[in-house]
Amino acid sequence: QVQLVESGGGLVQAGGSLRLSCAASGSISSINVMGWFRQAPGKQRELVATITTSGSTNYRDPVKGRFTISRDTTKNTVFLEMNSLKLEDTAVYYCAARPNWTPLYNYWGQGTQVTVSS
């Protein structure tokens, strides 16, 4: 089992920045990929960014150049640095972990609200 706890959400004006954190505990060694998802009201949950155990990253097109996913392996924490935030970035952001034995994200955090205001 893996436990994930997000923090860092909040209210920010358009153009501002926020940094989300995701602290992982439990069977960390089984994790292949960590991802950040988001779900806006009335919309499906979407994958925003991923980082692998080797440090490779990938981003959804709308956030490329604005968001950066990173990790601190000494603290078992993954970050999502969000800059130049837009109104459409408003959503609940979830951290998720994909174990090495499945293509699915099996472990999820509780979510943290990010609200971008004009």
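Everything below is about the structure printed above this text.
This one's a predicted model, so the numbers in the text were calculated from it and none came from an experiment. Position numbers for residues count from 1 along each chain, tracking the sequence in the order it is written. Per-residue local features are limited, in this predicted model, to residues with pLDDT of at least 70; the limit for side-chain atom pairs, both in listing and counting, is 80 or more; totals at the level of whole chains, interfaces and linings are taken over all residues. Hydrogens and water molecules were not included; the side-chain quantities draw on all heavy atoms of the structure.

Q: What should I look at first to understand the environment of G15 in this one?
A: We count a stretch as a helix when DSSP gives it H or I for four or more residues in a row; a strand needs E for two or more, and each element gets its number in order from the N terminus. Here G15 lies in the loop between β2 (10–13) and β3 (18–26). Sequence-distant contacts of G15, defined by excluding residues within four places in its chain, comprise S84 and L85. Contact definition: two residues touch when any of their heavy atoms are within 4.5 Å.

Q: What is the right way to read the pairing of strand β8 (residues 77–82) from this model?
A: Consecutive side chains along a regular strand alternate between the two faces of the sheet. The cut-offs for exposure are 20% and 50% of the maximum accessible area for each residue type, with area from a 1.4 Å probe on protein chains only; residues under the lower value are buried, those over the upper are exposed, and the others partly exposed. In terms of burial, β8 is largely enclosed, as five of its six residues are buried. Strands were regarded as paired on the criterion that DSSP finds at least two bridges between them. Here six bridges tie β3 to β8, and the two strands are oriented antiparallel to one another. Looking at the pairing, L20 lines up with L80 of β8. Pairing of strand β7 (residues 67–72) with β8 involves six bridges; the strand directions are antiparallel. Each residue of the ladder has a partner; that of I69, found in β8, is L80. Between β7 and the antiparallel strand that follows it, β8, lie four residues; N76 among them carries a positive phi value of about 50°.

Q: In this structure, what is going on with the state of the cysteines? I would like to understand it.
A: In a disulfide, the sulfur atoms of two cysteines are held together by a covalent bond. Here, two cysteine sulfur atoms that lie within 2.5 Å of each other are counted as a disulfide. Here the structure, examined in full by the defined rule, presents one disulfide. Through a disulfide, C22 is tied to C95; the S-S separation comes to 2.0 Å. Across the S-S bond linking C22 and C95, the dihedral sits near -75°, which makes this disulfide left-handed. Residue C22 is found in strand β3, and its partner C95 is found in strand β9 (residues 91–99); the two are separated by 73 residues along the sequence. Since its relative accessible area comes to 1%, C95 is described here as buried.

Q: Any chance you could explain the pattern of salt bridges here in plain terms?
A: Side chains that carry opposite charge are capable of pairing whenever their charged atoms lie near each other. Any carboxyl oxygen of Asp or Glu within 4 Å of a side-chain nitrogen of Lys or Arg constitutes a salt bridge here. Following the criterion strictly, the structure yields five salt bridges and no others. Here R38 and D89 are joined by a salt bridge, their closest N and O atoms 2.9 Å apart. Here D89 lies in the loop between β8 and β9 and R38 lies in strand β4 (residues 31–39), a separation of 51 residues in the sequence. Take R38 and D89: they sit in the same class, and that class is buried. For the salt bridge of D61 with K64, the shortest nitrogen-to-oxygen distance reads 2.9 Å.

Q: I keep staring at the nonpolar core and nothing clicks. Help me out?
A: Core analysis: the biggest nonpolar cluster contains 29 residues, and L4, M34, W36, L80, M82 and Y93 have the highest contact counts within it. Residue assignment for this core shows that the elements contributing at least two residues are β1 (2–7), β3, β4, β5 (46–52), β7, β8, β9 and β11 (112–117). Working definition of a nonpolar core: buried Ala, Val, Leu, Ile, Met, Phe, Trp, Tyr and Cys residues. They are joined through side-chain atoms within 4.5 Å.

Q: How should I be thinking about the side chain of R66 in this particular structure?
A: Tracing the sequence through the fold places R66 in the loop between β6 (57–59) and β7. What R66 contacts, discounting residues up to four positions off in sequence, is E81, M82, N83, S84, L85, K86 and D89.

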